[in-house]
Structures are given as structure tokens and as C-alpha cells.
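Per-entry structural report
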Amino acid sequence: MHLSIPRGPIELDAELHLPYGLDATRPLPVVVLSTPGSSVKEQIGANYASRLAARGIAALVFDPAYQGQSGGEPRDLEDPYQRGEDISYAIDALTALPGIDPHRIGVLGICAGGGYAIHTARTDHRIKAVGAVDPGEIGASFRSFQADGPVVALDAMADARLEEVRTGVLHRDNWLPDTMAEAEAAGISDIDLLQAIRYYRTDRGINEHSTNRRLSRGDTLLLGYDAFHLVDQLMTQPLLLILAENLEGTGFDTAGERLWKLAPNPVERVIVPHARHYEMYDIPEYVDAAVDRLATFYADKL
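Summarised in this report is the structure supplied together with it. All values derive from a computational prediction rather than experimental measurement.

Strand order in the open sheet formed by eight strands is 1-2-4-3-5-6-9-10, with mixed pairing between adjacent strands. At either end of the open sheet lies a strand with only one pairing partner, and these are strand 1 (2–7) and strand 10 (266–276). On average, adjacent strands in this sheet sit at an angle of 25 degrees to one another, irrespective of strand direction. Where strand 2 (residues 10–17) meets strand 4 (residues 58–62), four bridges bridge the pair, whose relative direction is antiparallel. Bridge pairing in strand 4 links Glu15 to Val61. Seen against the sheet, helix 2 (residues 80–95) touches strand 1, strand 2, strand 3 (28–34), strand 4, strand 5 (100–110) and strand 6 (127–133) and runs at an angle of roughly 115 degrees to strand 1. Taken strand by strand, helix 11 (residues 284–301) contacts strand 3, strand 5, strand 6, strand 9 (239–246) and strand 10, and its axis lies near 170 degrees from that of strand 10.

Dropping the structure here:
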């Protein structure tokens, strides 16, 4: 079911995946998906939302503002705070739909979207249950990427923003190399980075609406972001944490450990045997293992 979600002056493009054989007399619980950075709703989100619907859980997936088929200028902005607001606007729209129970709404965040979902659930208590698959701390990741440290990077970004204002030309960076050939030419050998490129930039998962570009000025926001700030004080909802077994060195292992220690109401931490992070996006045996547990969790908590 296609939806256009009002978000101030723009709209978010969304799909609501509904279970088969609906009982029209009973309001539905629903899960809002928060997807990885750079992805669009037809990719990882659709893989999870369609499976949740097949297991009886309605699921909404949407393109973030400024990305995909959603509105907003400038394009390709990855603003972590607005990514969280997207989730709340999606909940606004769902609660106005007939047949949706406004008191039975959950979230599911994947990768960076896991951090965005956690950050939102702290203060939007319309959310009653939180599921996270390899949730990332995108701020910590971006800070670790800066060869000379985040402060030096911020100084350089300040100069770049001044130049943008002077010239009127916005700068964009790639999330990933555009092709496997580019990755090979760059000498990339890290298994997880190569799996990311194979998913996003080959026929395995590529989508025409995913540009693989990130507006550079948004990186200043990412560098100052802490997805799990005040989780221990504010996020009262039950948490199901699902992690791939092989996360060592990716940052998702340490993020998952930090979240588990902070969460006031942790329900279960599930490890998916043999899986690596990007295999959790679309490899059927790993996605199905995650969704089987998620569906049980939402059925119990919503």
C-alpha cells in the first residue's frame, strides 16, 4: 500500500506492507522501519517489511527526507536528527489511518537506522517496542574515519562550507565506490566493505533511487551525533537486539555491546550464527532468522 507521509512542507514516500487475510474488525499493530544510511525503501527495508507482513505484522518502510523518492532539498542530505524526526512523522501518519492501533506501534532499526530508531524511541514514547538489527553508532563511526581526528575534520568542513556559500556549488561524497572495478583499483580488501559494495553497487541490491552520494555538509552533524545518548535514562521500551555473529572490527560489535549495557529494558540478545553484517541485508537464511524472532517479539510486546 503506497503512502505519501506529510512532513512539514515536504512528503515522505512510503510503502505499508500489510498481512494477508486481514481481520477488518481488529485494529492492527504496526512496525516502522528505520533503514541503513544511503539505502532506499526498496532495498533492505523491503526485505524485512515484506517478511514481517508475511508473519502477520504490518510494517511501514519509507525513503528518508532528501533521499530516494521523498521530497526535500538539498538532495542527498544525511542528517541524523532529521532521520529521527522522519520516524515520528511516519507515526503521525499511521495513527491517522483507519485500522491502525495507535497504541501498538513498534520500530525496527537496521545498521545506522538502528541508531536512529533508538535515538527516537528515547523521547517518542508512542513507540512501544524496539527491535534493532546490528544497530550502528554512525557518529562514532564517522569520528573514527577521520585520519587526523574529528576536530581537524570539522575545521576543514567549516572552510568547505564557506566555499560552498561563496560559489553556490554543493559538494557531495560517495558512500562507497560506484563499482567493483573502482574498489579493486583502490586496493580495497576488507571483507565487510567489499560485501557492502557488492550489495549496494551490483545487481544484488542496487536501486536506481539510491544515489550513493552524501551531501558533505551533513557530515558535521554526523560527527557530533551520539545515537545512544541518555538511553539509560529515557528509553523505557522493551528492546530486542539481533546481531550477526561475525562483527569483529566493524564497530557494530562495540555499538551492540554499549546499547545492551545501557538499555533499561533489554528482552533478548540474539546472535545469528555465521552471518556478517551486510549478509543481514538480504541473505534469506539470515534475514529469516532475524524476522522469525522479531515477529514473535512484536506479537508479544505490541
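Among the eight residues that make up strand 9, six are buried, leaving the element largely enclosed by the rest of the structure. Direction of pairing for strand 6 relative to strand 9: parallel, over a ladder of four bridges. Looking at strand 9, one finds that Gly131 is bridged to Leu240. Following the backbone out of strand 9, through helix 10 (residues 252–262) and into the adjacent parallel strand 10, one traces a crossover that is right-handed.

A word on helix 7 (residues 191–201). Of all eleven residues in helix 7, eight are buried; the element is thus mostly enclosed. For helix 7, the full list of buried residues reads Asp192, Leu194, Gln195, Ala196, Ile197, Tyr199, Tyr200 and Arg201. Among the structural elements, helix 1 (41–54), helix 6 (180–185) and strand 10 are those in contact with the buried residues of helix 7. Of the residues that open helix 7, the one with a side-chain oxygen 3.1 Å from the backbone nitrogen of Asp192 is Asp190.

On to the packing of helix 2 against helix 3 (residues 112–123). Where helix 2 meets helix 3, the closest approach of the two axes is 9 Å, and the angle between their N-to-C directions is 65 degrees. When the interaxial angle is binned, helix 2 and helix 3 end up roughly perpendicular. Here helix 2 runs over helix 3; the crossing is right-handed. Counted together, Pro80, Tyr81, Arg83, Gly84, Ile87 and Ser88 of helix 2 and Tyr116, Ala117, His119 and Thr120 of helix 3 form the full contact between these two elements. Residue composition of the contact of helix 2 with helix 3, grouped by class: five nonpolar, four polar and one charged.

The next point concerns the nonpolar core. Tyr48 and Leu52 are the most contacted members of the largest nonpolar core, which has 89 residues in total. Considering every element that reaches this core, the biggest residue donor is helix 11, with eight residues. Excluding residues that lie within four positions of it along the chain, Leu52 makes contacts with Val31, Leu33, Ile57, Ala59, Leu108, Val291, Leu294, Ala295 and Tyr298.

Counted under the stated rule, the structure contains 25 salt bridges. Its salt-bridge partner being Asp288, residue Arg55 comes within 3.5 Å of it at the nearest N-O pair. Remark: Asp288 occurs in helix 11 and Arg55 occurs in the loop between helix 1 and strand 4; sequence separation between them is 233 residues. Judged by relative accessible area, Arg55 falls into the partly exposed class, the value being 32%. Arg269 serves as the salt-bridge partner of Glu257, at 3.0 Å between the closest nitrogen and oxygen. Of this pair, Glu257 sits in helix 10 while Arg269 sits in strand 10, and the two are twelve residues apart along the sequence. Note on Glu257: relative accessible area 33%, which makes it partly exposed.

Below, the discussion takes up unusual backbone geometry. In this structure, the amide linkage connecting Glu73 to the following residue, Pro74, adopts the cis form with an omega of 0 degrees. As for its placement among the helices and strands, Pro74 is situated in the loop between strand 4 and helix 2.

Take Pro238: it is sitting in the loop between helix 9 (231–234) and strand 9. Apart from residues no more than four positions distant in its own chain, Pro238 is found in contact with Lys128, Ala129, Val130, Asn265, Val267, Phe297 and Lys301.

Moving on to the packing of aromatic side chains. Taken as a whole, this structure holds nine aromatic pairs when the rule is applied. Note on Tyr199 and Tyr281: the rings are 5.4 Å apart at their centroids and 80 degrees apart in plane angle, and the pair reads as edge-to-face. With a gap of 82 residues between them, Tyr199 in helix 7 and Tyr281 in the loop between strand 10 and helix 11 connect regions that are remote in the sequence. Pair check on accessibility: Tyr199 and Tyr281 agree, each one buried. Put simply, the rings of Tyr199, Tyr200, Tyr278 and Tyr281 pair up and form one aromatic cluster.

On to the pairing of strand 3. With respect to burial, strand 3 is a largely interior element, seven of its seven residues being buried. In strand 3, alternate side chains face the same way, and those of Leu28, Val30, Val32 and Ser34 on one face and Pro29, Val31 and Leu33 on the other are all buried. Summarising the sheet, strand 3 and strand 5 pair through six bridges and their orientation is parallel. By the bridge assignment, Leu28 is partnered in strand 5 with Ile100. Direction of pairing for strand 3 relative to strand 4: parallel, over a ladder of three bridges. Opposite Val32, over in strand 4, you have Leu60 as the bridge partner. The parallel pair strand 3 and strand 4 is bridged by helix 1, and the resulting crossover is right-handed.

What counts, and where the lines are drawn
Residues numbered from 1 in each chain as written. Predicted model: local features only at pLDDT ≥ 70, side-chain atom pairs only at ≥ 80, totals over all residues. Heavy atoms only, no water. Pairing = 2+ DSSP bridges. Helix = DSSP H or I, 4+ residues; strand = E, 2+ residues; numbered from the N terminus. Axes fitted to C-alpha atoms, helices over the stretch in contact; angles between N-to-C directions. Contact = heavy atoms within 4.5 Å. Buried < 20%, exposed > 50% of the residue type's maximum accessible area, 1.4 Å probe, protein only. Right-handed = clockwise from strand over helix to strand, strands pointing away. Polar contact = N/O pair within 3.5 Å; in protein donor to acceptor, adjacent residues only side chain to side chain. Parallel < 35°, antiparallel > 145°, perpendicular 65-115°, else oblique. Left-handed = near helix turned anticlockwise from the far one by under 90°. Nonpolar A, V, L, I, M, F, W, Y, C, P; charged D, E, K, R; others polar. Core = buried A, V, L, I, M, F, W, Y, C linked by side-chain atoms within 4.5 Å. Salt bridge = Lys/Arg side-chain N within 4 Å of Asp/Glu carboxyl O. Phe/Tyr/Trp six-rings, centres within 6.5 Å; stacked < 30°, edge-to-face > 60°.

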